[in-house]
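Observations on chain architecture
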Amino acid sequence: QVQLVESGGGLVQPGGSLRLSCVASGTIFGIDVMNWYRQASGEERELVAMITRGGNTDYADSVKGRFTISRDNAKNTVYLQMNSLKPEDTAVYYCHCNIAATIAPRYEYYWGQGTQVTVSS
């Protein structure tokens, strides 16, 4: 059993900051790639940031220089630090991670339930 739970979303004014967390729980053998996606109302889900187990990162052009993805492998947690937030960042943010359970060490992608981020004055 593997579960991803996001937290840290909320309402923030333009220019403000939020830090999202996603914790993977269960009998986990290992976690490879960890991603953050977002989906605005009426739009398609898009990849925001990615981080490998070794710490290599990639970002969508729209968030480069403003968002930072990081991870704590000992805690099975991935973070998304969001600075200089814009109204266009308003969306549900989802954790998306490639995880192998200990009882069956086969990597599969899992989704979290999402956390709402609203940027508004």
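Above this text you will find the structure in question.
These notes cover the structure that comes with them. Note that the structure is predicted; figures quoted are calculated from it, not measured.

Pairing is antiparallel in the open sheet, where four strands are placed in the order E1-E3-E8-E7. With one partner strand each, in any of the chains shown, strand E1 (2-7) and strand E7 (67-72) form the two edges of the open sheet. The sheet shows a mean angle of 15° between the axes of neighbouring strands, direction not considered. Where strand E3 (residues 18-26) meets strand E8 (residues 77-82), six bridges bridge the pair, whose relative direction is antiparallel. Note on E8: the bridge partner recorded for Val-23 is Thr-77.

Only one face of strand E11 (residues 115-119) is buried: it carries Thr-115, Val-117 and Val-119, and the other face, with Gln-116 and Thr-118, is open. Inspection of the sheet shows strand E2 (residues 10-12) paired to E11 by three bridges, in the parallel sense. The partner of Gly-10 across the bridge, within E11, is Val-117. Across three bridges, the pairing between strand E9 (residues 91-101) and E11 is antiparallel. Each residue of the ladder has a partner; that of Val-92, found in E11, is Gln-116.

Per the counting criterion, the structure on display carries one disulfide. Between the sulfur atoms of Cys-22 and its disulfide partner Cys-95 the distance amounts to 2.2 Å. Looking down the S-S bond of the Cys-22 and Cys-95 bridge, the torsion is -90°, so its handedness is left-handed. Of the two residues, Cys-22 is situated in strand E3 and Cys-95 in strand E9; the sequence distance between them amounts to 73 residues. The class of Cys-22 is buried, set by a relative accessible area of 0%. No disulfide involves Cys-97; its sulfur sits 3.3 Å from the nearest other cysteine sulfur, which is in Cys-95.

This part is about the pattern of salt bridges. As enumerated under the stated definition, the model contains five salt bridges in all. One salt bridge connects Glu-46 with Arg-38, and the closest N-O pair in it is separated by 2.8 Å. Between Arg-66 and Asp-89 there is a salt bridge; the shortest N-O distance is 2.8 Å. Here Arg-66 is found in the loop between strand E6 (57-59) and E7, whereas its partner Asp-89 is found in the loop between E8 and E9, with 23 residues between them in sequence. No difference in accessibility class separates Arg-66 from Asp-89, as the two residues are buried. One salt-bridge network, held together by shared partners, links Arg-38, Glu-46, Arg-66 and Asp-89.

Thresholds, definitions, all that
Residues numbered from 1 in each chain as written. Predicted model: local features only at pLDDT ≥ 70, side-chain atom pairs only at ≥ 80, totals over all residues. Heavy atoms only, no water. Pairing = 2+ DSSP bridges. Helix = DSSP H or I, 4+ residues; strand = E, 2+ residues; numbered from the N terminus. Axes fitted to C-alpha atoms, helices over the stretch in contact; angles between N-to-C directions. Buried < 20%, exposed > 50% of the residue type's maximum accessible area, 1.4 Å probe, protein only. Disulfide = S-S within 2.5 Å. Salt bridge = Lys/Arg side-chain N within 4 Å of Asp/Glu carboxyl O.

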